[in-house]
Amino acid sequence: GDKVKQSPSALSLQEGTNSALRCNFSIAATTVQWFLQNPRGSLINLFYLVPGTKENGRLKSAFDSKESYSTLHIRDAQLEDSGTYFCAAEGSGGSNYKLTFGKGTLLTVTP
Amino acid sequence: EAAVTQSPRNKVTVTGGNVTLSCRQTNSHNYMYWYRQDTGHGLRLIHYSYGAGNLQIGDVPDGYKATRTTQEDFFLLLELASPSQTSLYFCASSVSSYEQYFGPGTRLTVL
């Protein structure tokens, strides 16, 4: 099965609304990164997380290593938030800084 | 912010052909990575390196070689390209296990 499972796989939001994306891990994740792949295909690093939370503008992310999940909250969604969001986990036990990616959540923000 | 460039941006070759994809990063990051992105699979790690002359095997290495010639330059080699290697290839770099920064991608088509 998937070591990093993202949900939902797709999501449509109206501008100005809020939502949350989730990643569940079946590996012992030590750090998590969240990326946005914009419609032009560029991958942008949004967050690097050790267990805990971080906030950047309208985005907030949390990582709970004991419960093996991470979340990305989007507040007041804007059109430019559209794209595919990926989470990726670094596992313990000699993973040598390898990231395992989820399959992504496709977010569409509509006017 | 890290600067990672890739060349070429698009490449078409035939089955059995030789292809070299190039990646350069200009921020003295020690780690560099090659990923492929395919619909339904997210990003999958092919090879990575923690310094000039070093090579580590990723999760989907079959059919690929890689070489890290300098701190800045990491190459991906397909010596007998097959249609199954048609994909979008990303290079990334990082300082150890911290944030990974991605290049713009190379779209490879093997006919």
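You'll find the structure just up there.
## What to know about the overall build of chain A
(1) Moving on: Counting secondary structure elements, chain A contains 0 helices and 11 strands.
(2) Moving on: Seen in sequence order, chain A has helices and strands lined up from the N terminus as β-β-β-β-β-β-β-β-β-β-β.
(3) Moving on: Here chain A has a C-alpha radius of gyration of 13 Å; the compact-globule value for 111 residues is 13 Å, and the two agree.
(4) Moving on: For chain A, the C-alpha atoms occupy an extent of roughly 45 × 25 × 20 Å along the three principal directions.
(5) Moving on: Across the 111 residues that make up chain A, the buried fraction comes to 46%.
(6) Moving on: Residue pairs at least 24 apart in sequence account for 55% of intrachain contacts in chain A once pairs closer than 6 positions are excluded.
(7) Moving on: Working note: accessible area of chain A is about 5300 Å², and carbon and sulfur atoms make up 47% of it.
(8) Moving on: Charge-centre separation for chain A: the mean point of 11 positive side chains lies 7 Å from the mean point of 9 negative side chains.

## Some details on the sheet that holds strand S8 (residues 69–74) of chain A
Residues and elements named next belong to chain A.
(1) Moving on: Read from one edge of the open sheet, 5 strands run S1-S3-S8-S7-S6, paired in antiparallel fashion. Strands with a single pairing partner mark the edges of an open sheet, and in this sheet they are strand S1 (4–7) and strand S6 (52–56). Adjacent strand axes in the sheet meet at a mean angle of 15° when their direction is disregarded.
(2) Moving on: Bridging between strand S7 (residues 59–64) and S8 involves 6 bridges; their strand directions are antiparallel. By the bridge assignment, Ala62 is partnered in S8 with Thr71.

## Points about the pairing of strand S11 (residues 105–110) of chain A
Residues and elements named next belong to chain A.
(1) Moving on: The side-chain alternation of S11 yields one buried face, formed by Thr105, Leu107 and Val109, and one unburied face, formed by Leu106, Thr108 and Thr110.
(2) Moving on: With 3 bridges connecting them, strand S9 (residues 83–91) and S11 associate as antiparallel partners. In the strand pairing of S11, Gly83 is matched with Leu107.

## Looking at the state of the cysteines
(1) Moving on: Under the definition given, this model contains 2 disulfides over all chains.
(2) Moving on: Here Cys23(A) is linked by a disulfide to Cys87(A), with a sulfur-sulfur distance of 1.6 Å. A torsion of -105° about the S-S bond marks the disulfide between Cys23(A) and Cys87(A) as left-handed. Of this pair, Cys23(A) sits in strand S3 (residues 19–25) while Cys87(A) sits in strand S9, and the two are 64 residues apart along the sequence.
(3) Moving on: Taking the relative accessible area as the measure of exposure, Cys23(A) reaches 0% and is therefore buried.
(4) Moving on: With a relative accessible area of 0%, Cys87(A) lands in the buried category.
(5) Moving on: Bridging Cys23(B) to Cys91(B), the disulfide has an S-S length of 1.9 Å. Of note, the bridge from Cys23(B) to Cys91(B) carries an S-S torsion of about -75° and is left-handed in sense.

## Describing the side chain of Gln6(A)
Residues and elements named next belong to chain A.
(1) Moving on: By secondary structure assignment, the location of Gln6 is in strand S1.
(2) Moving on: Looking at Gln6, its side chain comes within polar contact range of the main-chain nitrogen of Cys87, at 3.2 Å.
(3) Moving on: Residues contacting Gln6, with those up to four places away along its chain left out, are Arg22, Cys23, Trp34, Tyr85, Phe86, Cys87, Gly102, Lys103, Gly104 and Thr105.

Cut-offs used in this document
Residues numbered from 1 in each chain as written. Chains lettered and ligands numbered in written order. Predicted model: local features only at pLDDT ≥ 70, side-chain atom pairs only at ≥ 80, totals over all residues. Heavy atoms only, no water. Helix = DSSP H or I, 4+ residues; strand = E, 2+ residues; numbered from the N terminus. Rg over C-alpha atoms; globule rule 2.2 N^0.38 Å. Buried < 20%, exposed > 50% of the residue type's maximum accessible area, 1.4 Å probe, protein only. Contact = heavy atoms within 4.5 Å. Areas by Shrake-Rupley, 256 points an atom, 1.4 Å probe, with all protein chains shown as cover. Lys, Arg positive; Asp, Glu negative; His and termini not counted. Charge placed at Lys NZ, Arg CZ, Asp CG, Glu CD. Pairing = 2+ DSSP bridges. Axes fitted to C-alpha atoms, helices over the stretch in contact; angles between N-to-C directions. Disulfide = S-S within 2.5 Å. Polar contact = N/O pair within 3.5 Å; in protein donor to acceptor, adjacent residues only side chain to side chain.

Shape descriptors only; they carry no functional weight alone.
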